[in-house]
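Topology and contacts: notes
In case you want the letters, here they are:
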There are 2 protein chains.
Amino acid sequence: MTVRHLSESTEMYLKAMVELSDHEMVMVPRLAERLGVTPVSANEMVRRLGEQGLVSHTPYKGVNLTKKGREAAVNVLRRQRLWEVFLHDHLKIEWSHIYEYACSLEHATAPEVTEALAAFLGDPKTCPRGNPIPATDGSFKPLEGISLGELKTGDKARILAVNATATDVLQYLQERDILPGRELRVVEVAPLQGPLTLEVGSRITALGLSMAEFVIVKLIKS
Amino acid sequence: MTVRHLSESTEMYLKAMVELSDHEMVMVPRLAERLGVTPVSANEMVRRLGEQGLVSHTPYKGVNLTKKGREAAVNVLRRQRLWEVFLHDHLKIEWSHIYEYACSLEHATAPEVTEALAAFLGDPKTCPRGNPIPATDGSFKPLEGISLGELKTGDKARILAVNATATDVLQYLQERDILPGRELRVVEVAPLQGPLTLEVGSRITALGLSMAEFVIVKLIKS
DNA sequence: CTATAAAATAAGGCTAACCATAACATTTTT
DNA sequence: AAAAATGTTATGGTTAGCCTTATTTTATAG
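Conventions and cut-offs
- Residues numbered from 1 in each chain as written.
- Chains lettered and ligands numbered in written order.
- Predicted model: local features only at pLDDT ≥ 70, side-chain atom pairs only at ≥ 80, totals over all residues.
- Heavy atoms only, no water.
- Least-squares fit on C-alpha atoms with pLDDT ≥ 70 in both.
- Contact = heavy atoms within 4.5 Å.
- Helix = DSSP H or I, 4+ residues; strand = E, 2+ residues; numbered from the N terminus.
- Buried < 20%, exposed > 50% of the residue type's maximum accessible area, 1.4 Å probe, protein only.
- Polar contact = N/O pair within 3.5 Å; in protein donor to acceptor, adjacent residues only side chain to side chain.
- Near = heavy atom within 4 Å.
- Nonpolar A, V, L, I, M, F, W, Y, C, P; charged D, E, K, R; others polar.
- Salt bridge = Lys/Arg side-chain N within 4 Å of Asp/Glu carboxyl O.
- Domains from an automatic or database assignment.
- Expected span 1.5 Å × (residues − 1).
- Axes fitted to C-alpha atoms, helices over the stretch in contact; angles between N-to-C directions.
- Parallel < 35°, antiparallel > 145°, perpendicular 65-115°, else oblique.
- Left-handed = near helix turned anticlockwise from the far one by under 90°.

What follows is about the relation of the copies chain A and chain B. Least-squares fitting of chain A to chain B yields an RMSD of 0.0 Å, with the superposition described by an axial translation of 0.0 Å and a rotation of 180 degrees. Both copies are brought into coincidence by an operation consistent with a two-fold rotation axis. Considering only C-alpha atoms, the part of chain A nearest the rotation axis is A:Leu105, at 3.1 Å. The residues that chain A uses at the interface reappear at the interface of chain B in 100% of cases, marking a shared surface.

In structure tokens:
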């Protein structure tokens with residue numbers, strides 16, 4: 001049915017693809033950025049993934065996952081987010097660190113362990129960063145929401161998920177209480193890619209646009 | 001103080017060394033056997049470990065761990081055995097599989113996660129295979145017991161630990177109820193490296209010598 | 001003390017993932 | 001339509017960890 005055993009690197013590429021655009025084409029250099037490798041290396045790897053039938057690449061148009069690739073990617077996501085739940089709820093690991101640690105564990109997790117873990121956790125549907133956890137059968141509908149960067153002055157919204165992966169970014173956001181479930185109001189949007197001024201709880205915070213991109217929100221009708 | 005980050009392969013070598021002889025010299029080909037690599041590869045790797053100050057190798061005499069190497073090795077053991085406890089007690093993974101799964105996880109476990117896991121598990125002292133779990137500070141006294149292979153006809157003993165690592169061997173032993181805590185009696189020791197005949201519970205079982213080597217027991221005075 | 005077995009080393013090769021630099025192709029902008 | 005920006009490919013290099021096939025060194029048993 002699905003795939004035997006994929007290298008850690010392969011899993012990271014697949015996960016990156018599903019994380020930064022589900023179903024749309026991704027330019028290879030965008031992938032490279034997210035994975036912290038050079039575009040040349042990413043191209044090389046994409047070729048290898050193509051040979052394995054995991055992605056299809058149309059030069060100058062982008063890559064996307066094949067059916068097989070998406071299955072594998074969703075499976076990685078499942079493992080990762082289950083570990084996130086465990087690390088957060090049971091081990092009480094600090095929120096900003098769980099992504100990093102879960103990411104190491106995910107590659108070392110056999111199917112039997114994944115399912116036992118899911119059962120132990122009570123089949124959670126959401127991870128601590130707010131993202132949905134794919135089901136065993138691979139069914140998975142990505143969060144419907146918009147990026148915080150798309151809001152206008154005066155908009156009110158609830159934070160659905162925080163998709164940052166770097167520990168320091170997560171820490172920065174955590175310090176400002178920008179966490180799943182919180183509600184916020186956009187006080188001001190500065191021009192020229194300038195920062196957003198937000199009111200979260202009763203705090204006023206400035207947030208750069210690039211960080212705001214990581215925050216998925218749902219507009220609250222007002 | 002201790003070491004930054006060791007590769008998975010490095011950790012496996014260190015663990016193998018502490019597992020198959022604590023404090024005694026090990027011949028490199030013995031290491032190679034346990035790790036499933038050729039003696040040539042093991043020699044190469046031992047050289048690299050030597051350069052990192054983790055082992056010291058005296059040609060034709062054997063290798064042993066340096067202080068630094070032993071610290072690292074004991075740390076790996078700690079992580080591994082903690083995961084074994086989690087997999088067995090909480091995830092209810094089958095006994096014969098926990099070594100294999102724990103072994104993957106151990107290499108992906110940061111210190112913060114290790115300690116949080118230990119706390120979550122209630123600082124267990126023993127893993128499901130019967131081995132002691134090293135403490136955070138690295139203190140660790142190996143089990144004192146003898147190998148089942150050293151027993152004589154008529155001896156009675158209690159099984160302290162089962163040190164096999166291969167899943168199929170563990171399964172074989174599990175099927176014959178050769179598990180930590182069980183008591184047994186040696187019915188017969190066949191000559192010429194022949195099998196032992198054992199009475200475990202009320203069952204009579206024949207066990208080859210090489211498998212018996214994996215079983216650590218304590219003689220019961222009679 | 002020499003013969004044999006065991007351990008070690010030498011030499012050359014392979015793979016997955018990375019890197020840099022440079023050339024080339026395509027898309028987008030002006 | 002030309003220039004600029006972006007994406008891709010070519011080429012050659014690196015590292016860790018493995019491999020095989022000799023060859024050499026040492027330990028040990030007769």
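Next comes the rest of the description.
In this section: the side chain of A:Thr109. Looking at the element boundaries, A:Thr109 is found in the loop between helix H5 (95-106) and helix H6 (111-121). The exposure class of A:Thr109 is buried, given its relative accessible area of 9%. A polar contact is formed between the side chain of A:Thr109 and the backbone oxygen of A:Leu105, at a distance of 2.7 Å. The residues contacting A:Thr109, other than those within four sequence positions of it, are A:Arg79, A:Trp83, A:Thr114 and B:Leu105.

Right, let's talk about the protein's contact with DNA strand D for a bit. In the vicinity of DNA strand D, 22 residues are found, and the nearest of them are A:Arg30, A:His57, B:Ser7, B:Ser41 and B:Glu44. Expressed as a percentage, the sugar and phosphate content of the atoms of DNA strand D within 4 Å of the protein is 69%. B:Ser41 is positioned with one of its side-chain polar atoms (N or O) 2.3 Å from a phosphate oxygen of DNA strand D. Of all elements in the fold, only helix H2 (28-35) and helix H3 (39-51) of chain A together with helix H1 (8-20) and helix H3 (39-51) of chain B reach the threshold of two or more residues within the surface near DNA strand D. At 5 residues, H3(B) tops the list of elements feeding residues into the surface near DNA strand D. The residue makeup of the surface near DNA strand D, split by class, is 11 nonpolar, 7 polar and 4 charged.

This brings us to the interface of chain A and chain B. Facing the 19 residues of chain A at the interface are 19 residues of chain B. Our count for the chain A to chain B interface comes out at 0 salt bridges. Linking chain A to chain B there are 4 residue pairs in polar contact (both at pLDDT 80 or more). Counting residues per element, the side of chain A that touches chain B draws most heavily on H6(A), which supplies 5 residues. A class-by-class count of the residues in the side of chain A that touches chain B yields 13 nonpolar, 4 polar and 2 charged.

Quick look at the domain arrangement of chain A now. Segmenting chain A into domains produces domain 1 (8-69) and domain 2 (146-219). Each of domain 1 of chain A and domain 2 of chain A has a C-alpha centre, and the two are 28 Å apart.

Next up on the list: H5(A). All names here are of chain A. Here H5 spans 17 Å end to end across 12 residues, near enough to the 16 Å set by a 1.5 Å rise per residue. Counting buried residues in H5 gives 10 out of 12 residues, a clear majority hidden from the surface. Every buried residue of H5 is accounted for by Trp95, Ser96, His97, Ile98, Tyr99, Tyr101, Ala102, Cys103, Leu105 and Glu106.

With that out of the way, let us pick up the protein's contact with DNA strand C. In the neighbourhood of DNA strand C, 23 residues make up the surrounding shell, with A:Ser7, A:Ser41, A:Glu44, B:Arg30 and B:His57 lying closest. Each atom of DNA strand C within 4 Å of the protein was classed as base or backbone; sugar and phosphate made up 74%. In the model, a phosphate oxygen of DNA strand C is placed 3.0 Å from a nitrogen or oxygen of the A:Thr38 side chain. Within the backbone of B:Tyr60, a nitrogen or oxygen atom sits 3.2 Å from a phosphate oxygen of DNA strand C. Listing elements by their share of the surface near DNA strand C, those giving two or more residues are helix H1 (8-20) and H3 of chain A together with helix H2 (28-35) and H3 of chain B. Element by element, the count of residues in the surface near DNA strand C is highest for H3(A), at 5 residues. Among the residues forming the surface near DNA strand C, the class breakdown is 11 nonpolar, 8 polar and 4 charged.

Time to look at the packing of H1(B) against helix H5 (residues 95-106) of chain B. All names here are of chain B. Relative orientation of the contacting elements H1 and H5 amounts to 130 degrees, with a least axis distance of 11 Å. If you check the angle between H1 and H5, you find them oblique. When you trace H1 past H5, the crossing you get is right-handed. Residue-level inspection shows Glu11, Met12, Lys15 and Glu19 of H1 in contact with H5, the latter providing Tyr99, Cys103 and Glu106.

The next point concerns the packing of H2(B) against H3(B). In a packed pair of helices, the relevant descriptors are the angle between the two axes and the axis-to-axis distance. Residue and element names in this part refer to chain B. Packing of H2 against H3 brings their axes to within 8 Å, and their N-to-C directions diverge by 110 degrees. By the criterion of interaxial angle, the relationship of H2 to H3 is roughly perpendicular. Contact with H2, carried on its side by Val28, Leu31 and Ala32, involves Pro39, Ala42, Asn43 and Val46 of H3 and no other residues of that element. Residue composition of the contact of H2 with H3, by class: 6 nonpolar, 1 polar and no charged.

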